[in-house]
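Each chain, written out:
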Amino acid sequence: MIVVPGSIPKIMRSVLVLNFRIIVVMQSSKNISFILKVVIVGLALWFLYQKVFANENLSEMYQWFLSTFKEQSTWPLVLVLLLMFVNWLLDAVKWKYLIKKEEEVSLWLSIKAVFLGITVSIFTPNRVGEFGGRVFCLEKANRIKAVLITILGNMGQLLTTTIFGTLALVHYIHSYSGFLDGEADYWFFILVFIAAIVVSALIALYLNAYWLSSFFMNFKFLRKYEEYSDVFSYYSMNQLLYVILLSSSRYAVFSLQFYILLLFFQVDLSLAESLTMSSLVFLTISIIPTIALTEIGVRGSIAIYFFGLISANHIGILTATFALWFTNLVLPALFGTVLVYNLKFFRK
């Protein structure tokens, strides 16, 4: 028996049309998702090649690296590489801890999200792509809230950088700059007092992040986003202290990496000198707008400025700076390109 289209009940025709549209939309979403992933991988690899492997300005550093590599044991470089995994593992633990307010994720998924965040951020200004790289790994969480949570975690890292950078700045002014030469000691104590107030205020503001929710709600045009501002009240003071602890642990890891690399590339300095100058480098770079892949030039200039007060081995300082940047950003970005298939731009 042949059934003509007109004999199909209207409700069945509606269902068929709806299913057809869903199939078309799903297929279209898959195609768009595939294209976006290819674009991300392509951009990341192209930027890495142009800025690292095809950069003629780095040739002198490459030569210094090769000559030093032949003369010294390789174990310091192996240790730096292992510390890179510790660094990003700590960041994954921190993000997993924070994001569980919206969605429970495994540590492995959190690690993948961290590496994907680095890959996407590598070609975006101030690494803003990191947020997308992470939240598009989530299955259920509200993505806007997930971005705000990620920002809160980054604020903890920035707070740590600011605290240690401020302490290093006080020491730098007292011991290296000559700014207080011939002045009474009370000026130095005033400087210490001001630094203590600034650091204490920043810590208090972060540990009471829920103040931000109240602050934002004072503006009428922001009240319609009240459900998102609630993110800042998700966490207790003890939980945010734990975030600062993890951030401080990461800070200690890449400070140690920098010190090992400086020694490896024959920059003669003490641990205290390295910690002081690296803290100033990290603080300065954190407040300068950059694209991750152009940071090497900025980092190199800043490192020469501060470490040049201690050592005349400028090529060693530059090479150590480049090696730290390459280890903690370029290598993870390459790892992340393999994981791009985990990105979920569209949800069912």
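For clarity, every value in this text was computed on a predicted model and none was experimentally measured.

## Regarding the confidence of the model for the protein
Here is step 1 of the chain: A residue-level look at the protein finds 76% of positions with pLDDT of 70 or above and a mean pLDDT of 79.
Here is step 2 of the chain: Scored below 50 in pLDDT, residues 15–26 shows 0 contacts in the model against residues more than four places distant or in partner chains.

## A look at the packing of helix 3 (residues 75–99) against helix 4 (residues 107–121)
Here is step 1 of the chain: Two numbers describe how helix 3 lies on helix 4: the axes approach to 8 Å, and their chain directions differ by 115°. With respect to each other, helix 3 and helix 4 are oriented roughly perpendicular. Relative to helix 4, the crossing made by helix 3 is right-handed. Two secondary-structure elements touch here, helix 3 through Trp88, Leu89, Asp91, Ala92, Val93, Trp95 and Lys96 and helix 4 through Leu107, Ser110, Ile111, Ala113, Val114, Phe115 and Ile118.

## A look at the layout of surface pockets
Here is step 1 of the chain: Taken as a whole, the largest pocket encloses approximately 940 Å³ of empty space.
Here is step 2 of the chain: In terms of lining residues, the largest pocket is bounded by 31 residues, among which Arg127, Glu130, Gln157, Ser286 and Arg299 are the most central.
Here is step 3 of the chain: Those elements that provide at least two residues to the lining of the largest pocket are helix 3, helix 4, helix 5 (129–135), helix 6 (143–177), helix 10 (237–264), helix 11 (271–286), helix 12 (295–307) and helix 13 (314–338).
Here is step 4 of the chain: Ranked by the residues each element gives to the lining of the largest pocket, the list is headed by helix 6, at 6 residues.

## Some thoughts on the nonpolar core
Here is step 1 of the chain: With 54 residues, the main nonpolar core has Ile99, Ile118, Ile122, Leu138, Leu152, Tyr206 and Leu240 as its most contacted residues.
Here is step 2 of the chain: For this core, the secondary-structure elements that each account for two or more residues are helix 1 (10–53), helix 3, helix 4, helix 6, helix 7 (185–207), helix 10 and helix 13.
Here is step 3 of the chain: Per element, the largest residue contribution to this core is 8 residues, and it comes from helix 4.
Here is step 4 of the chain: Counting residues in hydrophobic clusters, the runner-up holds 33 residues, among them Phe258, Ile260, Val281 and Phe307.

Definitions and cut-offs
- Residues numbered from 1 in each chain as written.
- Predicted model: local features only at pLDDT ≥ 70, side-chain atom pairs only at ≥ 80, totals over all residues.
- Heavy atoms only, no water.
- pLDDT = per-residue confidence, 0-100.
- Contact = heavy atoms within 4.5 Å.
- Axes fitted to C-alpha atoms, helices over the stretch in contact; angles between N-to-C directions.
- Helix = DSSP H or I, 4+ residues; strand = E, 2+ residues; numbered from the N terminus.
- Parallel < 35°, antiparallel > 145°, perpendicular 65-115°, else oblique.
- Left-handed = near helix turned anticlockwise from the far one by under 90°.
- 1 Å grid on protein atoms, 1.4 Å probe; cavity = no way out; pocket = protein on both sides within 12 Å on 5 of 7 lines; lining within 4 Å.
- Points joined across faces, edges and corners; volume = space filled by probe spheres on them.
- Core = buried A, V, L, I, M, F, W, Y, C linked by side-chain atoms within 4.5 Å.
- Buried < 20%, exposed > 50% of the residue type's maximum accessible area, 1.4 Å probe, protein only.

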